[in-house]
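What follows is the residue order along each chain.
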Amino acid sequence: MNCSNNSHGLTWFIETILCATLLFIALSGDVSARDLVAGVGFIPPHAFVGEDGRPKGGFVEVVRAMDDVYTKGTISIKVLPVKRSIASLKNGNIDFQIPYIPNPQVPGESLSYTFASETVVDVCFVLYAQDKMKVPPMDDLEKFNIATLRGAEAHFPFRISGVDSFRQGIKSVSLGRLDGFIAEQEASDRFIRLNKIKNIRRTLYAKWQSSIAIRKGPGNEEIDRIVSSALLKLRQTGQLQKITMTIHRPYEDWQPYLTAWPSSK
């Protein structure tokens, strides 16, 4: 019996098993190492493409900050019209969509996508109507001609039309073409203030959470771990709040029709 050969064979066998085990552990421990593509909904001023061709806006900055703290890969950005971004998510052309407000009217199990465990920011939606119009009951808006941004119609439990921009929605209300326009307060208020529109009354409609949508299917839990871990790190350092305060703020109780706009000279 050749003990030397047996000993050599046993040593080789043990080393092979050890290497295989270490490789498995290394791969298992790095399960979240991958590059991701973020679809950022085109919502000026929160997300748009600048004249230099580079993505800009608050939600773009959120994704860039996530990329900074995600060290096992890169997160690239595509600014897309909201509907196209959602279609790209369903088709697997992007890994997640930001921002996305889960529809309170639609059960999550009926959707082809899910949502990150960590949310991004609270969003106040405001009903903008003419000041001469009596504030309608929030649960009885069906009888009125009301619009929201195109793509968000399904978030409302009543018939509502879609418009292409905050500008179009606010101007249509001011000119009497719409009874009301429901949208997030920041971009709408910004347009009102820039143009000193006076005949508008504001009423808080709802406060919803802006989240990140992730396509259902293989790998969605891994993407959630990456995305939510990045958001949590940013929230713990205060960096996320610093960025989101430039996007959405708590409800501001003010009225354009009561504002004495300074005259422009």
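Here is what the cut-offs are and how they apply
Residues numbered from 1 in each chain as written. Predicted model: local features only at pLDDT ≥ 70, side-chain atom pairs only at ≥ 80, totals over all residues. Heavy atoms only, no water. 1 Å grid on protein atoms, 1.4 Å probe; cavity = no way out; pocket = protein on both sides within 12 Å on 5 of 7 lines; lining within 4 Å. Points joined across faces, edges and corners; volume = space filled by probe spheres on them. Helix = DSSP H or I, 4+ residues; strand = E, 2+ residues; numbered from the N terminus. Nonpolar A, V, L, I, M, F, W, Y, C, P; charged D, E, K, R; others polar. Buried < 20%, exposed > 50% of the residue type's maximum accessible area, 1.4 Å probe, protein only. Arc of directions from axis to C-beta. Contact = heavy atoms within 4.5 Å. Polar contact = N/O pair within 3.5 Å; in protein donor to acceptor, adjacent residues only side chain to side chain. Salt bridge = Lys/Arg side-chain N within 4 Å of Asp/Glu carboxyl O. Core = buried A, V, L, I, M, F, W, Y, C linked by side-chain atoms within 4.5 Å.

Participant: Let's hear about the layout of surface pockets: which residues, and what values?
Facilitator: For the largest pocket, the calculated volume is near 1100 Å³. Lining the largest pocket are 44 residues, and of these I43, V82, L149, R150 and A152 lie nearest its centre. Secondary-structure elements contributing two or more residues to the lining of the largest pocket are α3 (82–91), β5 (96–100), β7 (121–130), β8 (146–149), α4 (166–174), β10 (180–184), α5 (185–195) and β11 (200–215). Tallied by class, the residues present in the lining of the largest pocket amount to 28 nonpolar, nine polar and seven charged.

Participant: Go over α4, please, and point to the residues and values.
Facilitator: Buried within α4 we find F166, G169, I170, S172 and V173. Along the axis of α4, the buried residues cluster in a sector spanning 160°; they form a single face. On the buried face of α4, the contacting elements are β7, β8, β9 (161–163), β10, α5 and β11. At the exit of α4 stands G176, carrying a positive phi of roughly 80°.

Participant: Tell me what's going on with the environment of Y257, and back it up with residues and numbers.
Facilitator: With respect to the helices and strands, Y257 occurs in the segment after α7 (239–244). With a relative accessible area of 26%, Y257 lands in the partly exposed category. With residues up to four places along the chain from it excluded, the contact list for Y257 reads D131, K198, I200 and R201. Of note is the side chain of Y257, whose polar atom sits 3.3 Å from the side chain of R201.

Participant: Which residues make up α5, and what values go with them?
Facilitator: Burial in α5 covers these residues: Q185, E186, A187, S188, D189, F191 and I192. The opening residue of α5, the one whose side-chain oxygen lies 3.0 Å from the backbone nitrogen of E186, is E184. K196 occupies a position one or two residues after α5 and carries a positive phi of about 50°.

Participant: So, the pattern of salt bridges: which residues are in play, and what are the values?
Facilitator: Two side chains that carry opposite charge are able to pair once their charged atoms sit near each other. Applying the stated criterion across every chain, the model contains 11 salt bridges. When the shortest N-O distance is used, the salt bridge between R193 and E252 registers 3.7 Å. Of this pair, R193 sits in helix α5 while E252 sits in the segment after α7, and the two are 59 residues apart along the sequence. In this structure R193 comes out as partly exposed when scored by relative accessible area, which is 37%. Across the pair R249 and E252 runs a salt bridge, and its minimum N-O distance is 3.9 Å. A relative accessible area of 39% means that R249 is categorised as partly exposed. Taking relative accessible area as the criterion, E252 reaches 28% and is therefore assigned partly exposed. Overlapping salt bridges, with partners in common, bring together R34, D95 and E222 in one network.

Participant: Go over the nonpolar core with me, naming the residues and quoting the values.
Facilitator: Residues M66, F96, I98 and I212 are the most contacted members of the largest nonpolar core, which totals 29 residues. Residue assignment for this core shows that the elements contributing at least two residues are β1 (36–41), α2 (58–69), β4 (75–80), β5, β11, α6 (220–237) and α7. Once you skip the residues sitting within four places of it in the chain, M66 turns out to touch I75, F96, I212, V227, A230, L231 and L234.

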